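So you can see what is in the structure, the chains are spelled out below.
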Amino acid sequence: MIVTTTPSIEGHLIAEYKGIVVGEAIMGANVVRDLFASITDIVGGRSGAYESKLQDARETALAELEARARALGANAVVGVDLDYEVVGQSMLMVSASGTAVVID
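All figures in this text were calculated on a predicted structure; none of them were measured in a lab.

Asker: Got a minute to help me understand the overall build of the protein chain in this structure?
Answerer: A tally of helices and strands in the protein chain yields two helices and four strands. Listing each helix as α and each strand as β along the protein chain from the N terminus yields β-β-α-α-β-β. For the protein chain, buried positions account for 27% of its 104 residues. Pairs at least 24 apart in sequence give 75% of the contacts found in the protein chain among residues at least 6 apart.

Written as C-alpha cells, this is what we have:
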C-alpha cells in the first residue's frame, strides 16, 4: 500500500475515493524515562528514550491507518497528515489521517 502526504501519486490515476481514514496511538511514558529525559534536557542533547517512543507511536498510527484503508478496499492513502499531542501529563498521542483511495 502506498501512503503519501501528497494529494496524488505520480504515474497513477485515482480511480475511486473511499473516504477519510484515521489511525491513532496513545503511548504512556514512565517515571524512569521521564527522569533520564529531564537530565538530558538539563545537560543538553537528545532523548533517545522519547525519540524511540515517538517512533513507536508514529508507526502504530500509520499501521492502523493502513489497516482501516485496506478494510475499505483501498490500495493507497493520499494527503496523510501526522499530528502529535500530549494527553494529560505523561501520555503522547500520534494521529495519522488521510484519504483512502483506489489507484490504477
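Asker: What is the right way to look at the sheet that holds strand β3 (residues 76–87) in this model?
Answerer: In sheet architecture, strand pairing relies on hydrogen bonds along the backbone and comes in two forms, parallel and antiparallel. Taken in spatial order, the four strands line up as β1-β3-β4-β2 in an open sheet, and their pairing is mixed. The open sheet has two edge strands with one neighbour each: β1 (2–3) and β2 (14–28). Pairing analysis gives 13 bridges linking β2 to strand β4 (residues 91–103), with the strands arranged antiparallel. Bridge pairing in β4 places I20 opposite T99.

Asker: Just checking my understanding: could you explain the side chain of S95 for this structure?
Answerer: With respect to the secondary-structure elements, S95 resides in strand β4. Overall, the relative accessible area of 15% leaves S95 in the buried class. Apart from the residues lying within four places of it in its own chain, the contact partners of S95 are V22, G23, E24, D81, L82 and D83.

Asker: Any chance you could explain the side chain of T4 here in plain terms?
Answerer: For T4, the position within the fold is in the loop between β1 and β2. Within the structure, T4 has its side chain in polar contact with the side chain of T6 (distance 2.9 Å). Setting aside residues up to four positions removed in sequence, T4 forms contacts with I9, V77, V78, G79 and V80.

Asker: Explain the pattern of salt bridges to me, please; I cannot follow it from the model alone.
Answerer: Two side chains of opposite charge can pair, provided their charged atoms sit close to one another. Counted by the stated rule, this structure contains four salt bridges. Between E16 and K18 there is a salt bridge; the shortest N-O distance is 3.0 Å. R68 is the salt-bridge partner of E64, the closest N and O atoms lying 3.2 Å from each other. Residue E64 and its partner R68 are both found in helix α2 (residues 48–71); the two are separated by four residues, about one turn of the helix. A single salt-bridge network, built from bridges that share partners, covers E24, E64 and R68.

How each quantity is defined
- Every chain is numbered independently, its residues counted from 1 as its sequence is written.
- Given that this is a predicted model, residues contribute local features only at a pLDDT of at least 70 and side-chain atom pairs are listed and counted only at 80 or more, while totals for whole chains, interfaces and linings are drawn from all residues.
- Side-chain measures here rest on the full set of heavy atoms in the structure, leaving out hydrogens and waters.
- Helix and strand labels come from DSSP, where a helix needs a run of H or I of at least four residues and a strand needs a run of E of at least two; each type is numbered from the N terminus.
- Note on classification: 1.4 Å probe, protein chains only; a residue is buried when its accessible area is under 20% of the maximum for its type, exposed when over 50%, partly exposed between these limits.
- Working rule for contacts: check all heavy atoms of both residues, and any pair within 4.5 Å makes them a contact.
- When DSSP locates at least two bridges between a pair of strands, those strands are taken to pair.
- The term polar contact refers here to a pair of N or O atoms within 3.5 Å; inside protein, the definition further demands a hydrogen-donor-capable atom paired with an acceptor-capable atom, and it admits residues adjacent in sequence only when both atoms are side-chain atoms.
- Within this document, salt bridges are pairs made up of a side-chain nitrogen of Lys or Arg and a carboxyl oxygen of Asp or Glu, the two lying within 4 Å of each other.

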